[in-house]
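Analysis of the macromolecular model
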Amino acid sequence: MRLRHISLPFSAAISVAVIAIFLIFGLNYGVDFKGGTLIEMQPQSAEQRVPVATVRDKANSFGYGEVEVQEFGNDGGVSLRFPIQPGGEAAQGVVVEKARAEFGAGYSFERVETVGPRVSGELVQSGTIGVILAVLAVLVYLWFRFERELAIAAIIGTLHDIVLTIGFFVITRHEFNMTSIAAILTIVGYSLNETVVVFDRTRELLRRYKTMPTIELLNLSINTTMSRTAITSMTTILSLVALVWFGGRAIEGFAQVMLAGVFICTYSAIFISTPTLIYIGVRVAQRRQAQEGRGVPQPAE
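Residues numbered from 1 in each chain as written. Predicted model: local features only at pLDDT ≥ 70, side-chain atom pairs only at ≥ 80, totals over all residues. Heavy atoms only, no water.

1. Topic: helix H1 (residues 4–25)
- End to end, H1 covers 31 Å across 22 residues, agreeing with the expected 32 Å (1.5 Å per residue, within 8%).
- Along H1, the residues classified as buried are Arg 4, Ser 7, Ser 11, Ser 15 and Val 18. Axial view of H1: buried residues confined to an arc of 65°, hence all on one face. Turned more than 90 degrees off the buried face of H1, the exposed positions are His 5, Ile 6, Val 16, Leu 23, Ile 24 and Phe 25.
- Looking at the residues trailing H1, positive phi occurs at Gly 26, about 70°. (Helix = DSSP H or I, 4+ residues; strand = E, 2+ residues; numbered from the N terminus. Expected span 1.5 Å × (residues − 1). Buried < 20%, exposed > 50% of the residue type's maximum accessible area, 1.4 Å probe, protein only. Arc of directions from axis to C-beta.)

Pasting the structure below:
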């Protein structure tokens, strides 16, 4: 708890910065939300690798608008993102065929996705509604699960985790798509799990030690759940590291976001949610007398 004077201002500053950057630059929306055509290619051999600038010039020469070209991986993989073309799905198909004709000799097409404007609009609406409803359901659960002070602290911690997760997307410019929605909802669930474990122990100790100073009690609740937190976090991290290394391009972004989310949620449960109880004023059955020194823990009768 003595580190709260560092962790709380640090997280508050980071959260404000993330919100400001989000309002200025926004998210790097993927094809799911923007619509258009996404093509990911891998060179068939090292000799057939083409500089990204050359690929960009050739793609822009198609006349289908400004093409976003990015290199990924260590093997010369290239992703092409074409904007939505007028003419519906047939027009998007022409883009793919043109790309195959130009790059098919030297590249293998690993991933091709085409999303029209109508579908992308529906996905944006559905994804937004899904996230809002899920977060509201979690907040309602926390409110009824704990006493008022514990519930408010848990809600603050959950919102903190959501903001920093969005910040990870904003800062790293990871593509934000429907898989990202799944990652955010999973992180919300993980955050809820971490917070509930610590706060359940806090509530138990509040009933057991009625004269223990609040800071000592909160430190005790964290320390008695630390082994469980460490084991849960490490096993999850090991699984996610395996997904990042061996899962392939399709789930690499999801795994990276989840990996960052595990660190955020673990940090938040220890250094954000719990210290917030000190400032909210957690209820203790018997308040310590003002003249008392450090109280000795007394088991509840």
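From this point on, the discussion continues.
2. Focus on the packing of aromatic side chains
- Tallied over the entire structure, the rule returns seven aromatic pairs.
- Arranged with centres 6.4 Å apart and planes meeting at 85°, the rings of Trp 245 and Phe 246 form a pair that is edge-to-face. Side by side, Trp 245 and Phe 246 carry an identical accessibility label, which is exposed.
- With a centroid separation of 5.7 Å and an interplanar angle of 35°, the aromatic rings of Tyr 267 and Phe 271 are classed as tilted. Here Phe 271 and Tyr 267 lie together in helix H9 (residues 249–280), a separation of four residues that amounts to about one turn.
- Residue classification places Tyr 267 among the partly exposed positions, given a relative accessible area of 22%.
- In this structure Phe 271 comes out as partly exposed when scored by relative accessible area, which is 29%. (Phe/Tyr/Trp six-rings, centres within 6.5 Å; stacked < 30°, edge-to-face > 60°.)

3. Topic: the nonpolar core
- Counting 45 residues, the largest nonpolar core has Leu 142, Phe 146, Ile 166, Phe 176 and Phe 199 as its most contacted members.
- At the level of secondary structure, the elements contributing two or more residues to this core comprise helix H5 (117–145), helix H6 (148–172), helix H7 (178–208), helix H8 (214–246) and H9.
- Among the elements that make up this core, the one with the highest residue count is H7 (twelve residues).
- The residues contacting Phe 146, other than those within four sequence positions of it, are Ala 151, Val 196, Phe 199, Asp 200 and Arg 203.
- Judged by nonpolar contacts, the second largest core, of 17 residues, contains Ala 59, Phe 62, Phe 103 and Phe 109. (Core = buried A, V, L, I, M, F, W, Y, C linked by side-chain atoms within 4.5 Å. Contact = heavy atoms within 4.5 Å.)

4. Considering the environment of Ser 233
- Locating Ser 233 in the fold gives a position in helix H8.
- A residue is classified by how much of its surface remains accessible, and Ser 233, at 6% relative accessible area, is buried.
- In the structure, Ser 233 is positioned 39 residues away from Glu 194 in sequence and 9.5 Å away in space, judged by C-alpha atoms.
- In this structure the side chain of Ser 233 is engaged in a polar contact, spanning 3.0 Å, whose partner is the side chain of Thr 266. (Polar contact = N/O pair within 3.5 Å; in protein donor to acceptor, adjacent residues only side chain to side chain.)

5. What about the confidence of the model for the protein chain?
- When pLDDT is averaged along the protein chain, the result is 82, and 90% of the positions lie at 70 or above.
- Of all secondary-structure elements in the protein chain, the lowest mean pLDDT belongs to helix H2 (residues 31–34), at 73, while H1 reaches the highest, 92. (pLDDT = per-residue confidence, 0-100.)

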